[in-house]
Protein chains: 2
Amino acid sequence: MTQQESKILSKCPAEIALKIINGRWKLLILKELFSGTKRFNELQRALSGVTQKVLTQQLRELESDGIINRTVYPEIPPKVEYSLTALGDSLKPLTEVMHDWGINQTKQF
Amino acid sequence: MTQQESKILSKCPAEIALKIINGRWKLLILKELFSGTKRFNELQRALSGVTQKVLTQQLRELESDGIINRTVYPEIPPKVEYSLTALGDSLKPLTEVMHDWGINQTKQF
DNA sequence: CCGTATCCCTAGGGATACTG
DNA sequence: CAGTATCCCTAGGGATACGG
């Protein structure tokens, strides 16, 4: 779902944020990119278990939602770097709140 | 997905929060309950478009995740009230951050 | 190295009808 | 009023294989 589609379907602005970060690997991708630009391979290694197809898919969605930049270096072998846009950076407080909330839940057990 | 299952599958605490609020109507249900206890019917009217089955489903999930209380009054006709637990209340800051983020995105167009 | 192309499978959620 | 019970349909993701 693109950001534009989200806006149309959402009955509440909060749902826009939800739809953008919703995806099996998106929070983990964001987490990686908060610490700096990463190559495709670095991401794949960090997100153990993700397949190439799915990682590509999730990255493309984040890209079309304006959250990340994709930079291709026309070399052999190919090199592609991913980084956060300003919009992507602006998600950091949100993920931190979510993180803290999750931590507190875990503690109760 | 229950909260317990979420914890097992999550590789990051933030994902726990995500999974709990993830659902077609959950943010909207929370929004309603932030303003106080509501009856089933009130919720259904507020969330225009939701079917009884789905609303029941989403409420049950929130209940089993410890986010809301379900109180049954054994009357005729039946009366069931839903309210937030302390844990549910603790989600308010999170939803506010999401809301504000969504608002800002909307403004750009 | 960084992707596409297929195929497949499941869970989430919608429509509709029935009930204590 | 507040639910179940069915049936169905789609999108998200996973496995695997191939390509520039």
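Whatever comes next refers back to the structure up there.
Because the structure is a prediction, the values reported are computed rather than measured.

What counts as what
Residues numbered from 1 in each chain as written. Chains lettered and ligands numbered in written order. Predicted model: local features only at pLDDT ≥ 70, side-chain atom pairs only at ≥ 80, totals over all residues. Heavy atoms only, no water. Least-squares fit on C-alpha atoms with pLDDT ≥ 70 in both. Contact = heavy atoms within 4.5 Å. Pairing = 2+ DSSP bridges. Helix = DSSP H or I, 4+ residues; strand = E, 2+ residues; numbered from the N terminus. Axes fitted to C-alpha atoms, helices over the stretch in contact; angles between N-to-C directions. Buried area = accessible area lost by both parts, 1.4 Å probe. Salt bridge = Lys/Arg side-chain N within 4 Å of Asp/Glu carboxyl O. Polar contact = N/O pair within 3.5 Å; in protein donor to acceptor, adjacent residues only side chain to side chain. Nonpolar A, V, L, I, M, F, W, Y, C, P; charged D, E, K, R; others polar. Phe/Tyr/Trp six-rings, centres within 6.5 Å; stacked < 30°, edge-to-face > 60°. Lys NZ or Arg CZ within 6 Å of the ring centre and 35° of its normal. Near = heavy atom within 4 Å.

Considering the relation of the copies chain A and chain B
In step 1: Placing chain A over chain B gives an RMSD of 0.0 Å and needs a rotation angle of 180°, together with 0.0 Å of translation along the axis. Such a turn and shift between the copies fits a two-fold axis. Of the C-alpha atoms belonging to chain A, the one lying closest to the rotation axis is found on A:L94, 3.6 Å away.
In step 2: Of all interface residues in chain A, 100% are interface residues in chain B too; the two copies therefore contact each other through one and the same surface.

Section: the sheet that holds strand 3 (residues 79–84) of chain B
Residue and element names in this part refer to chain B.
In step 1: Taking strand neighbours across the sheet as the criterion, the 3 strands line up as 1-3-2 in an open arrangement whose pairing is antiparallel. Unpaired on one side and paired on the other, strand 1 (38–39) and strand 2 (68–73) mark the two borders of the sheet.
In step 2: Sheet topology note: the strand 1/strand 3 ladder contains 2 bridges and is antiparallel. Residue pairing for strand 3: K38 is matched across the bridge by Y82.
In step 3: Sitting on the sheet, helix 3 (residues 26–34) is in contact with strand 1, strand 2 and strand 3, with an inclination near 90° to strand 3.
In step 4: Along the sheet, helix 5 (residues 52–64) contacts strand 2 and strand 3; its crossing angle with strand 2, the most-contacted strand, is approximately 115°.

A few points about the interface of chain A and chain B
In step 1: Chain A puts 35 residues into the contact, and the matching count from chain B is 35 residues.
In step 2: The largest per-residue losses of area from chain A upon contact with chain B belong to A:K11, A:L18 and A:W101, which jointly make up 21% of the total buried on that side.
In step 3: Where chain A packs against chain B, one counts 0 salt bridges.
In step 4: Counting across the chain A and chain B interface gives 5 residue pairs in polar contact (both at pLDDT 80 or more).
In step 5: Looking at the side of chain A that touches chain B, the element that brings in the most residues is helix 7 (residues 92–107) of chain A, giving 10 residues.
In step 6: Tallied by class, the residues present in the side of chain A that touches chain B amount to 20 nonpolar, 10 polar and 5 charged.

What about the pairing of strand 2 of chain B?
All names here are of chain B.
In step 1: Where strand 2 and strand 3 come together, 6 bridges link them in antiparallel fashion. Each bridged residue has a counterpart across the sheet, and for T71 the counterpart in strand 3 is E81.
In step 2: With antiparallel pairing between neighbouring strands as the criterion, strand 2 and strand 3 make up a hairpin whose turn holds 5 residues.

Quick word on the packing of aromatic side chains
All names here are of chain B.
In step 1: Under the counting rule described, the total for this entry stands at 0 aromatic pairs over all chains.
In step 2: A cation over a ring is seen here: R24 above W25, with NZ or CZ 4.3 Å from the ring centre.
In step 3: Here the guanidinium or amino end of K79 rests over the ring plane of Y73, the centre of that ring lying 4.9 Å away.

Describing the protein's contact with DNA strand D
In step 1: The environment of DNA strand D is formed by 23 residues, the closest being A:R24, A:K53, B:Q52, B:R70 and B:Y82.
In step 2: The sugar-phosphate share of atoms of DNA strand D within 4 Å of the protein amounts to 62%.
In step 3: In this structure, B:Q52 approaches DNA strand D through a side-chain N or O atom, which is 2.6 Å from a base oxygen.
In step 4: One nitrogen or oxygen atom from the main chain of B:P78 is found 3.2 Å from a sugar or linking oxygen belonging to DNA strand D.
In step 5: Contributions of two or more residues to the surface near DNA strand D are made by helix 5 (52–64) of chain A together with helix 4 (40–46), helix 5 and strand 3 of chain B.
In step 6: Its residues assigned to classes, the surface near DNA strand D comprises 9 nonpolar, 7 polar and 7 charged.

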